[in-house]
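Spelled out, the chains give:
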Number of protein chains: 2
Amino acid sequence: MRMNPYSIGVDLGGTNLRVAAIDESGVILHRVSIPANYLAGPDRIIDQIVSIVSEVRAEADLTSLRGVGIGVPGFIDMKTGVVVGSANLPGFEGFPVRDEIQKHLNTSIILENDANAAALGEMWMGAGRSYKDLILLTLGTGIGGGIVLDGRVFHGAQGMAGEFGHMTVFPEGNPCGCGNYGCLEKHASATAIAAMGRMMHFGPEVNTAADVFALAEQGNTRAIMVFEAMGRALGIALANLINVFNLPLYLISGGPLPAWDLFAPSMFKEIRRRAFTFVRTGARVEKALLGADAGLFGAAYLPFQ
Amino acid sequence: MRMNPYSIGVDLGGTNLRVAAIDESGVILHRVSIPANYLAGPDRIIDQIVSIVSEVRAEADLTSLRGVGIGVPGFIDMKTGVVVGSANLPGFEGFPVRDEIQKHLNTSIILENDANAAALGEMWMGAGRSYKDLILLTLGTGIGGGIVLDGRVFHGAQGMAGEFGHMTVFPEGNPCGCGNYGCLEKHASATAIAAMGRMMHFGPEVNTAADVFALAEQGNTRAIMVFEAMGRALGIALANLINVFNLPLYLISGGPLPAWDLFAPSMFKEIRRRAFTFVRTGARVEKALLGADAGLFGAAYLPFQ
């Protein structure tokens, strides 16, 4: 059987190792997800990747495979395919991930930071389908993100572009582990929402951002305040990005996305006040669509670029 | 006589209309500067440009002319060469500057925003000579700037990228005409330095940023405070840019540049605190070199791109 060209995307994020074969029109042909034991070290993870990719590839026509894209939670030297630094993948620093995988799989292997891959995935098959330029902010434990310019990830000089989580939004705001005060991720991540919720003394049963959201949904005005504060921080950061980039699209993803109606009004209020170009240029700030699959789609898109 | 390829740069900034023929190695072959009466309207200015360019061109070998680049203080539709908006050029909005000039001069005409042209000029012949990626911030009445990525101006969707002056640095800071509070240019432009100086009640003879600088040079501690405050605002904005862009070089130009030693310490302190990637990536924040000629060099560079 003659197949459409397809690629294989690998997402090393979170607790699962996820792999999908996706054809060039974005149809998922086959997908596999297994719990990943990152503590076992790079050799074991590489073995797992090779074995799953082989399995996924066996389901399809070999000649149509365009390559394998891998989203990695860390900084990558794009020229060498080496993971330069990663807080989430102990033992991977300095490890030649690309070459080690290429030894076992006779196809082109492309590595990308997972947050960048997610931005690319949203452009390819998500909320950015009709765009070639966008910024994605992903709200999680921290705040990650990616910049896509003219259809490609913008990396900066050392692949460290898009550190949106550490943009200063309140110069005397909450302290951050990076040594700064008022980093965006200390005011607008899921972790920040949970922490602001705890400041409100809702009680021991309210621990997570989802708990604060549930309370706000019930009409609790102090829980609603938490999301208003979070939206303000997000709006200040987005206004700065709009002033600087003049892109047509800015996307928000991550766990707090269901609370959009609670944080979006204060977010847009700050954007309108602080980015005079926002209304003039018709820029859009919208929800991302692919959720946790964005990185998988983005990784699969890499060989098609 | 056989000449090196050369181009003609035109700078429509400020009070003078400046034109220079510059060869591809950056040598100025001929330059002219005349007072420009922008109030006379676009037709009169176009005539002046055509006449000076013709004069400059007459000094050189016609066959070696690569084109004319024009730096314009306004937003330009890059596809059509029309000035979309300009606070400084009344009557130019919607005016087809490129086509009108091209009617009279049989060579390629390229328009560029003057702040972007200045960034390009610094890359070509200024402080960014060994770089292809940089950001330039120009401190003047407001704060303008340009982004150069991979050797070319980054414009954004509508040519409005690089509105650094309206980045929010203090969310509850000084009010700005754009409708925002705490815009960078209300805390770090030459105008802001003068205004902060007036807040200090130095007396009627201290009116301009240069006056405040002179006082600070004499050791006046309150005048020194003005530059420290200005450096902090600049540092917050630069830290955000470093976190987002991961570029190798950020340049500062404009009238307050001689006060570098007064504002740089507080600027670098904020950058180090607020951009954890600054030290890691070896990014540089430096003085621009070309002063008021940056835009002229950048305009002349456009036909060589």
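Everything numeric in this text was worked out from a predicted model, so none of it was measured.

All names here are of chain A. By the assigned domains, chain A splits into domain 1 (6-120 + 293-304) and domain 2 (129-288). Those elements that place two or more of their residues in the side of domain 1 that touches domain 2 are strand E5 (75-77), strand E7 (109-113) and helix H3 (114-125). Element by element, the count of residues in the side of domain 1 that touches domain 2 is highest for H3, at five residues.

The subject of this paragraph is the interface of chain B and chain A. How big an interface is tends to be stated in terms of accessible area lost as the parts join. In this assembly, 31 residues from chain B lie in contact with 31 residues from chain A. Secondary structure elements with two or more residues in the side of chain B that touches chain A: helix H7 (221-245), helix H8 (260-274) and helix H9 (277-281) of chain B. No other element matches the six residues that H7 of chain B contributes to the side of chain B that touches chain A. For the side of chain B that touches chain A, the residue count by class is 15 nonpolar, 12 polar and four charged.

All names here are of chain B. Spatial strand order, E3-E2-E1-E4-E7: five strands in an open sheet with mixed pairing. This sheet does not close on itself; its edge strands, each paired only once, are strand E3 (28-35) and strand E7 (109-113). Each adjacent strand pair in this sheet contributes to an overall mean axis angle of 15°, direction not counted. Pairing geometry for strand E4 (residues 65-72) and E7, over five bridges, is parallel. Across the sheet, residue Ile70 finds its bridge partner in E7, namely Leu111.

This brings us to the packing of helix H3 (residues 114-125) of chain B against helix H10 (residues 294-301) of chain B. All names here are of chain B. It is the contact of H3 with H10, at a shortest axis distance of 6 Å, that shows an interaxial angle of 85°. On the basis of their axis angle, the class for H3 and H10 is roughly perpendicular. Between H3 and H10, the residues in contact are Asp114, Ala117, Ala118, Ala119, Leu120, Gly121, Glu122, Trp124 and Met125 and Ala294, Gly295, Leu296, Phe297, Gly298, Ala299 and Tyr301, respectively. Grouping the amino acids of the contact of H3 with H10 by side-chain chemistry returns 11 nonpolar, three polar and two charged.

Attention now goes to the relation of the copies chain B and chain A. Once chain B has been moved 0.0 Å along the axis and rotated by 180°, it coincides with chain A to within an RMSD of 0.0 Å. The superposition operator between the copies reduces to a two-fold rotation axis. Mapped onto chain A, 100% of the interface residues of chain B are again interface residues, and the two copies thus contact each other with one and the same surface.

Here the focus is the packing of helix H6 (residues 209-217) of chain B against H7 of chain B. All names here are of chain B. Two numbers describe how H6 lies on H7: the axes approach to 7 Å, and their chain directions differ by 120°. With respect to each other, H6 and H7 are oriented oblique. The handedness of the crossing between H6 and H7 is left-handed. Here H6 contributes Val212, Leu215 and Ala216 to the contact with H7, which in turn contributes Ala223, Ile224, Val226 and Phe227. Taken together, the residues of the contact of H6 with H7 break down into seven nonpolar, no polar and no charged.

Moving on: helix H8 (residues 260-274) of chain A. Because an α-helix completes one turn every 3.6 residues, residues spaced three or four positions apart along the sequence face the same direction. Residues and elements named next belong to chain A. The end-to-end C-alpha distance of H8, which contains 15 residues, comes to 20 Å, matching closely the 21 Å that a straight helix rising 1.5 Å per residue would cover. Along H8, the residues that are buried comprise Leu262, Phe263, Met267, Glu270, Ile271 and Arg274. The buried residues of H8 occupy one face: seen down the axis, they fall within an arc of 135°.

All names here are of chain A. Where helix H5 (residues 190-199) is concerned, the buried positions are Ala190, Ala192, Ile193, Ala194, Met196 and Gly197. For H5, the secondary structure elements touched by its buried residues are strand E8 (134-139), helix H4 (185-188), helix H6 (209-217), helix H7 (221-245) and strand E11 (249-254). Positive backbone phi, approximately 50°, marks His201, located one or two places after H5.

This part covers the sheet that holds strand E10 (residues 152-153) of chain A. All names here are of chain A. If you trace the five strands from one edge of the open sheet to the other, you get E10-E9-E8-E11-E12, paired in mixed fashion. Each of the sheet's edge strands pairs with one partner strand only, and the pair in question is E10 and strand E12 (284-287). Here six bridges tie E8 to strand E9 (residues 143-149), and the two strands are oriented antiparallel to one another. Along E9, the bridge assignment pairs Leu136 with Gly146.

Rules behind the numbers
Residues numbered from 1 in each chain as written. Chains lettered and ligands numbered in written order. Predicted model: local features only at pLDDT ≥ 70, side-chain atom pairs only at ≥ 80, totals over all residues. Domains from an automatic or database assignment. Helix = DSSP H or I, 4+ residues; strand = E, 2+ residues; numbered from the N terminus. Contact = placed C-beta atoms within 7 Å. Nonpolar A, V, L, I, M, F, W, Y, C, P; charged D, E, K, R; others polar. Pairing = 2+ DSSP bridges. Axes fitted to C-alpha atoms, helices over the stretch in contact; angles between N-to-C directions. Parallel < 35°, antiparallel > 145°, perpendicular 65-115°, else oblique. Least-squares fit on C-alpha atoms with pLDDT ≥ 70 in both. Left-handed = near helix turned anticlockwise from the far one by under 90°. Expected span 1.5 Å × (residues − 1). Buried ≥ 20, exposed ≤ 12 C-beta atoms within 10 Å, placed from the backbone. Arc of directions from axis to C-beta.

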